[in-house]
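Overview (structure and organization)
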Amino acid sequence: VQGANKKQIQFADQKQEFNKRPTKIGRRSLSRSISQSSTDSYGSAASYTDSSDDETSPRDKQQKNSKGNGDFCIKNIKQADFGRREIEIAEQEMPALMALRKRAQGEKPLAGAKVVGCTHITAQTAVLMETLSALGAQCRWAACNIYSTQNEVAAALAEGGFSVFAWKGESEDDFWWCIDRCVNLEGWQPNMILDDGGDLTHWIYKKYPNMFKKIKGIVEESVTGVHRLYQLSKAGKLCVPAMNVNDSVTKQKFDNLYCCRESILDGLKRTTDVMFGGKQVVVCGYGEVGKGCCAALKAMGSIVYVTEIDPICALQACMDGFRLVKLNEVIRQVDIVITCTGNKNVVVREYLDRMKNGCIVCNMGHSNTEIDVASLRTPELTWERVRSQVDHVIWPDGKRIVLLAEGRLLNLSCSTVPTFVLSITATTQALALIELYNAPEGRYKQDVYLLPKKMDEYVASLHLPTFDAHLTELSDEQAKYLGLNKNGPFKPNYYR
């Protein structure tokens, strides 16, 4: 009996522990109008800190790092040691950036560069920022997304002397305030922009158009941001050269395809613990992201359907063994709906009404426009928060669907992204900055450019030693036969 009693007491203790966990949800005064990509979350599952730790806004707190510098605004400077460890782990998986640091530290190709950046603030971007700094740049940084900041990483950066303005769970007002603090500093004028989603570029255009007189170029890494740049260019309003990193082969093929192939399963498992074997899944869009998602789900034994508007991508899906359907043909029977089209209103209320009970709905595209979440905020539907990033939306007849991350980017809200893949993107960003900053007057006009193929090849070659991979070299005779330079570029620029 004593043994049994002891067990019971132990169990009661555990139960009490469980009840102590914080259940309130942090400040979320988010209005709907904020730019879509900035409200997609990123890597938050890996972050130690929930925004509910402390209700005081970082804007109301005066913090200083150990050197007495206070030119930053973050959640809590005391978390710097945690953040430093996370950055050190990320460094292990980002060999190319570390190699770039070693190679270029002597010549400092970014000496005199004043980079203002707006990206996700995670351990991986911290490695990029510290690399830019090692190459001679001064950096000021804000988050391109209100949920994605890892607070402890922001603390480590602030401790290291970076001017960082970001915390997890910002309001829309905070979001623009942080960007403004980055840009608007007396006696400091940026000459390079590194953007993800185009919000920083948009803000400077709107508020400080004169700054573009000194800015040498913009580097943009997301589909959304690149789209905005092309629109500016078309309207004749782009007044500096811009580098489209998103469409460089190393970003497209690796970040979009291989990264999503791993992170789709991770995001779904962490949020719903769903079993994939035998499940019927429809993936909307068969671009690089869609291809990655389909490959992973098929390997887990799911029955995968694909929707597509482009006949070439559609034919690829058929050749890869997927049934090509229209969404309305399968919407009643599928267990999981995944959007990755880059479009808007792909899953509208009419489809949500017809889904079966328990259907999981999520988005892998950059913007939160693919699923019409606003149409679900009507009086007859009940929303129940199940856990962070997981909501049940319940119809009057009791049917419920499981909506993940409120239709925002799943792999960045609910899981993490493989660091190694981010290393490829980050190295491409660093090289694009170096290229634009050092380009002689007139090499780049006021237009949007792709990174030269030679640079893509250089980024790839920096990652090969990790795999102990050995490249074959062309003989002079072979090079002549193919009409190539022995050292590359090996493919024409139009090669996909």
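Residues numbered from 1 in each chain as written. Predicted model: local features only at pLDDT ≥ 70, side-chain atom pairs only at ≥ 80, totals over all residues. Heavy atoms only, no water.

Per an unreviewed UniProt entry, the protein chain goes by the name S-adenosyl-L-homocysteine hydrolase NAD binding domain-containing protein and belongs to Oncorhynchus mykiss. UniProt's Sequence similarities (unreviewed entry) comment on the protein chain is quoted here verbatim: "Belongs to the adenosylhomocysteinase family." (UniProt positions renumbered as here; feature names shortened; annotations may be inferred.)

Each helix and strand in the protein chain was counted, giving 17 helices and 15 strands. Put simply, the protein chain has 496 residues, and 55% of those count as buried. Here the protein chain displays about 23,200 Å² of accessible surface, and carbon together with sulfur accounts for 52% of that area. (Helix = DSSP H or I, 4+ residues; strand = E, 2+ residues; numbered from the N terminus. Buried < 20%, exposed > 50% of the residue type's maximum accessible area, 1.4 Å probe, protein only. Areas by Shrake-Rupley, 256 points an atom, 1.4 Å probe, with all protein chains shown as cover.)

Another point: the pattern of salt bridges. For the structure on display, the rule yields 19 salt bridges. For glutamate 406, the salt bridge identified is with arginine 408, shortest N-O distance 3.4 Å. Accessibility classification places glutamate 406 together with arginine 408 in one group, the buried group. Among the charged side chains, a network of salt bridges with common partners joins Arg377, Arg385, Asp391, Glu406 and Arg408. (Salt bridge = Lys/Arg side-chain N within 4 Å of Asp/Glu carboxyl O.)

What follows deals with the nonpolar core. Within the largest apolar cluster, 58 residues are counted, with the highest numbers of intra-cluster contacts made by Val115, Leu132 and Val164. Of all the secondary-structure elements, those providing two or more residues to this core are α2 (80-92), α3 (95-104), α4 (123-134), β2 (138-143), α5 (151-159), β4 (192-195), α15 (419-438) and α16 (453-463). For this core, the leading source of residues is α15, giving 12 residues. Excluding residues within four positions of it along the chain, leucine 132 makes contact with Leu110, Ala137, Cys139, Trp141, Ala430 and Leu433. (Core = buried A, V, L, I, M, F, W, Y, C linked by side-chain atoms within 4.5 Å. Contact = heavy atoms within 4.5 Å.)

For the rest of this paragraph, the subject is unusual backbone geometry. The residue after glycine 488, namely proline 489, is reached through a cis peptide bond having omega 0°. Summarising the element assignment, proline 489 is placed in the segment after α17 (476-482). Positive phi is not limited to glycine here, since lysine 108 has a value of about 40°. A residue is classified by how much of its surface remains accessible, and lysine 108, at 36% relative accessible area, is partly exposed. With a phi angle near 55°, alanine 405 is a residue other than glycine that sits in the positive phi range.

Orientation of helix α9 (residues 249-272) relative to α15, taken along the N-to-C sense of each, is 160°, at an axis distance of 9 Å. One element, α9, and the other, α15, form an angle in the roughly antiparallel class. Helix-helix and strand crossings are classified by hand; for α9 and α15 the assignment is left-handed. For the pair formed by α9 and α15, the contact residues are Thr250, Lys251, Phe254, Asp255 and Cys259 on the first element and Val421, Leu422, Ile424, Thr425 and Thr428 on the second. Partitioned by chemical class, the residues of the contact of α9 with α15 number 5 nonpolar, 3 polar and 2 charged. (Axes fitted to C-alpha atoms, helices over the stretch in contact; angles between N-to-C directions. Parallel < 35°, antiparallel > 145°, perpendicular 65-115°, else oblique. Left-handed = near helix turned anticlockwise from the far one by under 90°. Nonpolar A, V, L, I, M, F, W, Y, C, P; charged D, E, K, R; others polar.)

Quick look at the pairing of strand β8 (residues 303-307) now. A large share of β8 lies buried, amounting to 4 of its 5 residues. In this region the chain leaves strand β7 (residues 280-284), passes through helix α10 (residues 288-299) and returns to the parallel neighbour β8; the handedness of that crossover is right-handed. As paired elements, β8 and strand β9 (residues 323-324) share 2 bridges and run parallel to each other. Paired with valine 306 across the strands is leucine 324, a residue of β9. Note that the unit made of β8, helix α11 (residues 311-319) and β9 has a crossover that is right-handed. (Right-handed = clockwise from strand over helix to strand, strands pointing away. Pairing = 2+ DSSP bridges.)

Okay, the packing of α3 against α15 next. Packing of α3 against α15 leaves a shortest axis separation of 7 Å and a crossing angle of 35°. For the pair formed by α3 and α15, the contact residues are Pro95, Ala96, Leu97 and Leu100 on the first element and Phe420, Ser423, Ala426, Thr427, Ala430 and Leu431 on the second.

Under the present numbering, the feature "binding site: NAD(+)" (unreviewed entry) in UniProt falls on Gly287, Glu288, Val289, Gly290, Lys291, Gly292, Glu308 and Asn411. Relative to the assigned elements, glutamate 288 resides in helix α10. In this structure, asparagine 411 sits in helix α14 (residues 410-413). Excluding its chain neighbours within four sequence positions, the residues that come into contact with asparagine 411 are Cys259, Cys260, Ser263, Met364, Thr416 and Val417.

Let us look at α10. The first and last C-alpha atoms of α10 sit 17 Å apart over 12 residues, in line with the 16 Å expected at 1.5 Å per residue. Of all 12 residues making up α10, 9 are buried, and the element is well covered by its neighbours. For α10, the full list of buried residues reads Glu288, Val289, Gly290, Lys291, Gly292, Cys293, Cys294, Ala296 and Leu297. Remark: glycine 301 follows α10 within two positions and exhibits a positive phi of approximately 95°. (Expected span 1.5 Å × (residues − 1).)

Bringing the packing of aromatic side chains into the picture now. Within this structure, the stated rule accounts for 7 aromatic pairs. Their ring planes at 20° and their centres at 5.1 Å tell us that tryptophan 176 and tryptophan 203 sit as a pair that is stacked. Taken as a pair, tryptophan 176 in helix α6 (residues 172-183) and tryptophan 203 in helix α7 (residues 199-207) lie far apart in primary sequence, 27 residues in all. Taken as a pair, tryptophan 176 and tryptophan 203 share a single burial class, namely buried. Taken together, Phe175, Trp176 and Trp203 form an aromatic cluster joined through their ring pairs. When the ring centre of tryptophan 188 is taken as origin, the NZ or CZ atom of arginine 140, which lies over that ring, is 5.7 Å away. A cation over a ring is seen here: lysine 298 above phenylalanine 322, with NZ or CZ 5.1 Å from the ring centre. (Phe/Tyr/Trp six-rings, centres within 6.5 Å; stacked < 30°, edge-to-face > 60°. Lys NZ or Arg CZ within 6 Å of the ring centre and 35° of its normal.)

This part is about the confidence of the model for the protein chain. On average, residues of the protein chain score 87 in pLDDT, and 89% of them reach the 70 mark or higher. This stretch, residues 5-35, has a pLDDT under 50; its non-local contacts, to residues over four places away or in other chains, come to 29 contacts. In this model, residues 40-52 is a region of pLDDT below 50 whose contacts with residues beyond four sequence positions or in other chains number 60 contacts. (pLDDT = per-residue confidence, 0-100.)

Another point: the pairing of β2. Burial runs high along β2: 5 of the 6 residues are buried. Pairing of strand β1 (residues 114-119) with β2, which is carried by 6 bridges, proceeds in the parallel orientation. Directly across from cysteine 118, in β2, lies its bridge partner alanine 142. Tracing the backbone out of β1, into α4 and back to the parallel element β2 gives a crossover that is right-handed. With 3 bridges joining them, β2 and strand β3 (residues 163-165) adopt parallel strand pairing. Bridge pairing in β3 places arginine 140 opposite serine 163. On the question of chirality, the crossover connecting β2 to the parallel β3 by way of α5 is right-handed.

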